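For reference, the chains in residue letters:
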2 protein chains.
Amino acid sequence: MRALAMPQDGSGAPRFSHVACGDCPIRERAVCAYCDGDALDALSAIKTYREYPAGRDILAAGEVSPMVGSIVRGVVKLTKSLPDGRAQMVGLLFPGDFVGHPGRAEAAYDATAATEVQLCLFQRQPFETLLRETPQLEKRLLDMTLTELDAAREWLLLLGRKTARERIATFLMALAGRARRAAPAGLPDGAPFCFPLPLTRGEMAEYLGLTIETVSRHMTRLRAEGVLAFSDARSVSVPDLAALAAEAGD
Amino acid sequence: MRALAMPQDGSGAPRFSHVACGDCPIRERAVCAYCDGDALDALSAIKTYREYPAGRDILAAGEVSPMVGSIVRGVVKLTKSLPDGRAQMVGLLFPGDFVGHPGRAEAAYDATAATEVQLCLFQRQPFETLLRETPQLEKRLLDMTLTELDAAREWLLLLGRKTARERIATFLMALAGRARRAAPAGLPDGAPFCFPLPLTRGEMAEYLGLTIETVSRHMTRLRAEGVLAFSDARSVSVPDLAALAAEAGD
DNA sequence: CGGCGAGTTGATGTATGTCAAACAGCGTGG
DNA sequence: CCACGCTGTTTGACATACATCAACTCGCCG
């Protein structure tokens, strides 16, 4: 599916490695964010880590998965397809985001690793039990789901009304915002801003409701106009965030 | 906004009428579905009914609303807009559905009555307190939010990849399904199926990411082809549900 | 009767999709 | 070391579904 410098052992081999929750990089953002003490211990007791190489399917639509979990590292894409093959990405998940719907075993969409991914997995059944007994956990999950819902609706506006150029600018702004938040240092606001693209052109097209050619054309046009800079297709630099924001349509 | 045979008193005047929860038409479907006894009493104590004429704004994006609530009767549309006026409906809510996000006071989108609407409202603060103390309530809200999220993602596929014809067929199928579920009697599966359209052509266009002309044209074409029948623009009859389903693309 | 809003229909434009070719990077294997 | 193939990207020529602009109808209500 994707040629990467990584062990293509064909197994999706689980690599167990128990990290203490206290040292977890997503401790503050994941489902467990509101938990501590006993609740955290209980979660910790049923967690398991697993890694997926880029391109590997994590979960297929219609499949019954025994697991749910949090993204520790990497990017996961959620995709829905029509029987004739047309496909639309319906979500893009980053570290801290939750994969799987508690309460509904059958997956409604495909989940695929867009980059190399590490998940912190919980078996569905004990997790759902814990959910019932742990209000903070349920509260956090509700909060996260509402955030996802808002994001999905923002995307409805994008897919329903924005031009190709606006869609691309919006997407890049979202990535820039994420990169900005991830960068701890207080960089000057106007400085040229650089970040990697976790998606190929094809995946961007799938996310933005466009074709690969349209994405490519608008990317090169944005570069020609100086709104964007990149040499590698997989990373961009934004000379002026405000200029890009102005292209996003809102 | 919409000329209707109804008191345009300009007040959105609250009309209080305490219905016992036991007699409530949405008792089984609303947030309160999993509640009983004390929890239901507590909810009942803070509820209030309010009616909105078709076309009335219930809540404007960015506005801070002191209320959340359930739809008792009628249809509510959720809309997001770009600064230049382009607008996209991001949700269509029916009786039982919940309006407003607990935990975030500021509305992320406009909510407007598409038909005459009756809401069962709760003041945000006491409701959120109750939410914290009542696991069934929180559980139900999580379930409903996950359902909304799935619906939104289904719509992403529609807006991102479906043709105008497929979008319209999908929408009509969804309405037909809802009407079917609402009709208690076991009608024969193949019978011509009739239901009202809660939306104008313009609103359908807003929901489907199209223009009013495109919706109109495809509706009349579907009628010409016998997939659909209607005399009034505000109601349709489907001679063969399977034929319509085949047009929906999935 | 006149005006208004919703819907329909027609003529025309255009952004994006489709098909096709060429290129660049990168690992593999002779 | 270079030729090869694979995948991702870019670029071009062309097709088309949908948007846009505009006119007209119909029902409703004052």
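Treat the numbers as computed from the prediction; the structure is a model and nothing was measured. (Residues numbered from 1 in each chain as written. Chains lettered and ligands numbered in written order. Predicted model: local features only at pLDDT ≥ 70, side-chain atom pairs only at ≥ 80, totals over all residues. Heavy atoms only, no water.)

**With respect to the interface of chain A and chain B**
Listed as interface residues are 46 residues of chain A and, on the opposing side, 46 residues of chain B. Together, the buried faces of chain A and chain B total about 4200 Å²; carbon and sulfur atoms form 59% of this surface. Taken as a group, Arg-153, Leu-156 and Arg-161 of chain A account for 19% of the area that chain A buries against chain B, more than any other trio of residues on that side. Joining chain A to chain B, the criterion identifies eight salt bridges. Taking the shortest distance from any N to any O, the salt bridge between Lys-80 of chain B and Glu-154 of chain A comes out at 3.0 Å. Our count for the contact surface shared by chain A and chain B stands at 29 residue pairs in polar contact (both at pLDDT 80 or more). (Contact = heavy atoms within 4.5 Å. Buried area = accessible area lost by both parts, 1.4 Å probe. Salt bridge = Lys/Arg side-chain N within 4 Å of Asp/Glu carboxyl O. Polar contact = N/O pair within 3.5 Å; in protein donor to acceptor, adjacent residues only side chain to side chain.)

**What about the relation of the copies chain A and chain B?**
With an RMSD of 0.0 Å, chain A superimposes on chain B once it is rotated by 180° and translated 0.0 Å along the axis. Seen this way, the second copy is the image of the first under a two-fold rotation axis. Both copies contact each other with a shared surface, as 100% of the interface residues of chain A are interface residues in chain B too. (Least-squares fit on C-alpha atoms with pLDDT ≥ 70 in both.)

**What to know about the UniProt feature "domain: Cyclic nucleotide-binding" (unreviewed entry) in chain A**
Within this numbering scheme, the UniProt entry marks residues 50-148 of chain A as carrying the feature "domain: Cyclic nucleotide-binding" (unreviewed entry). Each end of residues 50-148 of chain A is marked by a C-alpha atom, and these two atoms are 23 Å apart; helix forms 24% of the span and strand 39%. (UniProt positions renumbered as here; feature names shortened; annotations may be inferred. Helix = DSSP H or I, 4+ residues; strand = E, 2+ residues; numbered from the N terminus.)

**Thoughts on the protein's contact with DNA strand D**
Every one of the 21 residues lining DNA strand D counts as a neighbour, but Arg-201, Ser-216 and Arg-217 of chain A together with Ala-164 and Thr-214 of chain B are closest to it. Within the contact set of DNA strand D, a base nitrogen lies 2.9 Å away from a side-chain nitrogen or oxygen of Arg-217 of chain A. Here a phosphate oxygen of DNA strand D sits 2.3 Å away from a polar atom, N or O, in the side chain of Thr-214 of chain B. Of all elements in the fold, only α5 (201-208) and α6 (212-224) of chain A together with α6 (212-224) of chain B reach the threshold of two or more residues within the surface near DNA strand D. (Near = heavy atom within 4 Å.)

**Focus on the packing of aromatic side chains**
Residues and elements named next belong to chain A. Tallied over the entire structure, the rule returns 10 aromatic pairs over all chains. Measuring from ring centre to ring centre gives 6.2 Å for Phe-193 and Phe-195, while their planes differ by 50°; the resulting arrangement is tilted. By the burial criterion, Phe-193 is buried, and Phe-195 matches it. Within the aromatic cluster, the residues linked to one another by ring pairs are Phe-98, Phe-122 and Phe-127. In this structure, Arg-178 packs its charged tip against the face of Phe-94, placed 3.7 Å from the ring centre. (Phe/Tyr/Trp six-rings, centres within 6.5 Å; stacked < 30°, edge-to-face > 60°. Buried < 20%, exposed > 50% of the residue type's maximum accessible area, 1.4 Å probe, protein only. Lys NZ or Arg CZ within 6 Å of the ring centre and 35° of its normal.)

**Concerning the pattern of salt bridges**
Counted under the stated rule, the structure contains 24 salt bridges over all chains. Across the salt bridge formed by Glu-148 of chain A and Arg-153 of chain B, the nearest N and O atoms sit 2.6 Å from each other. A residue pair is termed interchain when its members come from two chains, as with Glu-148 of chain A in helix α3 (residues 135-161) and Arg-153 of chain B in helix α3 (residues 135-161). Look at Arg-153 of chain B and you get buried, because its relative accessible area is 3%. Linked through salt bridges whose partners overlap, the residues forming this network are Asp-84 and Arg-86 of chain A together with Glu-166 of chain B.

**So, the domain arrangement of chain A**
Residues and elements named next belong to chain A. Taken domain by domain, chain A holds domain 1 (16-156) and domain 2 (163-247). Averaged C-alpha coordinates put domain 1 and domain 2 at centres separated by 26 Å. On the side of domain 2, 11 residues touch domain 1, which itself brings 12 residues to the contact. On the domain 1 side of the contact with domain 2, Met-89, Phe-94 and Trp-155 bury the most area, a combined 49% of that side's loss. Summed over the shared surface of domain 1 and domain 2, the number is one salt bridge. With its nearest N and O atoms 3.0 Å apart, the salt bridge here joins Glu-203 to Lys-77. Here domain 1 and domain 2 share five residue pairs in polar contact (both at pLDDT 80 or more) between them. Mapped by element, the contributors of at least two residues to the side of domain 1 that touches domain 2 are β4 (76-81) and β5 (87-93). Ranked by residues supplied to the side of domain 1 that touches domain 2, first place goes to β5 with five residues. Taken together, the residues of the side of domain 1 that touches domain 2 sort by class into seven nonpolar, four polar and one charged. (Domains from an automatic or database assignment. Nonpolar A, V, L, I, M, F, W, Y, C, P; charged D, E, K, R; others polar.)

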